[in-house]
Amino acid sequence: TQLLEQSPQFLSIQEGENLTVYCNSSSVFSSLQWYRQEPGEGPVLLVTVVTGGEVKKLKRLTFQFGDARKDSSLHITAAQPGDTGLYLCADLTGGGNKLTFGTGTQLKVEL
Amino acid sequence: DAGITQSPRHKVTETGTPVTLRCHQTENHRYMYWYRQDPGHGLRLIHYSYGVKDTDKGEVSDGYSVSRSKTEDFLLTLESATSSQTSVYFCAISESITGTYGYTFGSGTRLTVV
């Protein structure tokens, strides 16, 4: 069974700071996805990365996929309170488009 | 936004009673999923469906059953609710078996079993 470990578990920072969160897998990722979940809502897809070494940018968010496709990072530049939420990584598991999720990084950005 | 709704949003029920949660989509996506989310465990797959009357078990399926008689509806039933089933339940839909488009989630159902 694939295990996805995310770190740190909790992160509290001030507005304007930069941060990086990580996702590591016990096996090679098939198709890594990052989601953000706000309180009282379901997760929302941010990005999908497939190719080793791939880097994708989404405004102030930069997603990097490790060359060996067993790790990924999410870097946020100049964090804003609106970035507050639970960040989840997920990977396709076996067949049938089933996603396995990590336990997430809870981010709080304060004014 | 994709049309996916869950009902009810909140429910309190007594141990031993049956409970049915509903997921309804208007996107005509083939794939539908039920997850539960618990502190320390993240999101765990309960059951999923590839199409009408085509369902399969996930990693935490004990005590749960599902039905999909129409493309748009995916029902999750707790036959006899237990306190360990207190959780937040999320339904998700996907149009691609490759995962390219990711999942779209509903807003969740918070279930408390007392």
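That block above? That's the structure.
Rules and cut-offs
Residues numbered from 1 in each chain as written. Chains lettered and ligands numbered in written order. Predicted model: local features only at pLDDT ≥ 70, side-chain atom pairs only at ≥ 80, totals over all residues. Heavy atoms only, no water. Phe/Tyr/Trp six-rings, centres within 6.5 Å; stacked < 30°, edge-to-face > 60°. Buried < 20%, exposed > 50% of the residue type's maximum accessible area, 1.4 Å probe, protein only. Contact = heavy atoms within 4.5 Å. Polar contact = N/O pair within 3.5 Å; in protein donor to acceptor, adjacent residues only side chain to side chain. Helix = DSSP H or I, 4+ residues; strand = E, 2+ residues; numbered from the N terminus. Salt bridge = Lys/Arg side-chain N within 4 Å of Asp/Glu carboxyl O. 1 Å grid on protein atoms, 1.4 Å probe; cavity = no way out; pocket = protein on both sides within 12 Å on 5 of 7 lines; lining within 4 Å. Points joined across faces, edges and corners; volume = space filled by probe spheres on them. Nonpolar A, V, L, I, M, F, W, Y, C, P; charged D, E, K, R; others polar. Disulfide = S-S within 2.5 Å.

Student: Explanation requested: the packing of aromatic side chains in the structure shown.
Tutor: The description of an aromatic ring pair uses the distance of the two centres, along with the angle that the planes make with each other. For the structure on display, the rule yields 16 aromatic pairs over all chains. Seen from their ring centres, B:Tyr48 and B:Tyr50 are 5.3 Å apart, and the 65° between their planes marks the pair as edge-to-face. With relative accessibility at 4%, the residue B:Tyr48 sits in the buried group. Three or more aromatic residues joined by ring pairs form one cluster here, namely A:Tyr35, A:Phe101, B:Tyr31, B:Tyr33, B:Tyr35, B:Tyr48, B:Tyr50, B:Phe90, B:Tyr103 and B:Phe105.

Student: Sorry, what's going on with the interface of chain A and chain B here?
Tutor: Each partner contributes to the interface: chain A provides 20 residues, whereas chain B provides 24 residues. Counting every contact that joins chain A to chain B gives six residue pairs in polar contact (both at pLDDT 80 or more). Mapped onto the side of chain A that touches chain B, the elements with two or more residues apiece are strand S4 (32-37), strand S5 (44-49), strand S9 (85-93) and strand S10 (98-101) of chain A.

Student: Just to check I follow, could you spell out unusual backbone geometry for this structure?
Tutor: Excluding glycine, most residues fall at negative phi; most peptide bonds, likewise, are trans. Of the consecutive residues A:Ser7 and A:Pro8, the connecting peptide bond is found in the cis state with omega at -10°. Tracing the chain through its elements places A:Pro8 in the loop between strand S1 (4-7) and strand S2 (10-14). Along the chain, B:Ser7 connects to B:Pro8 via a cis peptide bond; the corresponding omega equals -10°. Here B:Pro8 shows up in the loop between strand S1 (4-7) and strand S2 (10-13).

Student: Hey, could you run me through the pattern of salt bridges in this one?
Tutor: Two side chains carrying opposite charge are able to pair once their charged atoms lie near each other. All names here are of chain B. Throughout the structure, instances matching the rule amount to seven salt bridges over all chains. Close ionic contact of Arg22 with Asp73 constitutes a salt bridge, the shortest N to O distance being 3.1 Å. Of this pair, Arg22 sits in strand S3 (residues 19-25) while Asp73 sits in strand S8 (residues 73-78), and the two are 51 residues apart along the sequence. For Arg22, a relative accessible area of 34% translates into the label partly exposed. Take Asp73: its relative accessible area is 8%, and that puts it in the buried class. Ionic contacts of the salt-bridge type, sharing partners, join the residues Arg22, Lys70 and Asp73 into one network.

Student: Which parts of the structure should I look at to understand the layout of surface pockets?
Tutor: Space left empty within the atom packing is revealed by a probe, the size of a water molecule, rolled over the atoms. Considered as a void within the structure, the largest pocket measures approximately 660 Å³ in volume. Forming the boundary of the largest pocket are 28 residues, of which A:Gln37, A:Leu86, A:Gln106, B:Gln37 and B:Pro39 lie nearest the centre. Of the residues forming the lining of the largest pocket, the biggest block, four residues, is contributed by strand S11 (residues 109-113) of chain B. The class makeup of the residues in the lining of the largest pocket is seven nonpolar, 16 polar and five charged.

Student: What is the right way to look at the state of the cysteines in this model?
Tutor: Cysteine pairs can be linked by a disulfide, which is a covalent bond between their two sulfur atoms. According to the stated counting rule, one finds two disulfides over all chains in the structure shown. Two residues share a disulfide in this structure: A:Cys23 and A:Cys89, whose sulfurs sit 2.0 Å from each other. Where A:Cys23 bonds to A:Cys89 through sulfur, the torsion about that S-S bond is close to 70°, and the disulfide is right-handed. Residue A:Cys23 is found in strand S3 (residues 19-25), and its partner A:Cys89 is found in strand S9; the two are separated by 66 residues along the sequence. For the residue pair A:Cys23 and A:Cys89, the accessibility class agrees, reading buried in each case. Shown here is the disulfide that connects B:Cys23 with B:Cys91, its sulfur atoms set 2.0 Å apart. Looking down the S-S bond of the B:Cys23 and B:Cys91 bridge, the torsion is -75°, so its handedness is left-handed. Within this pair, whereas B:Cys23 is found in strand S3, its partner B:Cys91 is found in strand S9 (residues 87-94), the two being separated by 68 residues in sequence. Under the relative-accessibility criterion, B:Cys91 is labelled buried at 0%.

Student: In this structure, what is going on with the environment of A:Gly42? I would like to understand it.
Tutor: By the secondary structure assignment, A:Gly42 is in the loop between S4 and S5. Assessed through its relative accessible area of 7%, A:Gly42 is described here as buried. When sequence neighbours within four positions are dropped, the list of residues in contact with A:Gly42 reads A:Arg36, A:Gln37, B:Phe90, B:Phe105, B:Gly106 and B:Ser107.

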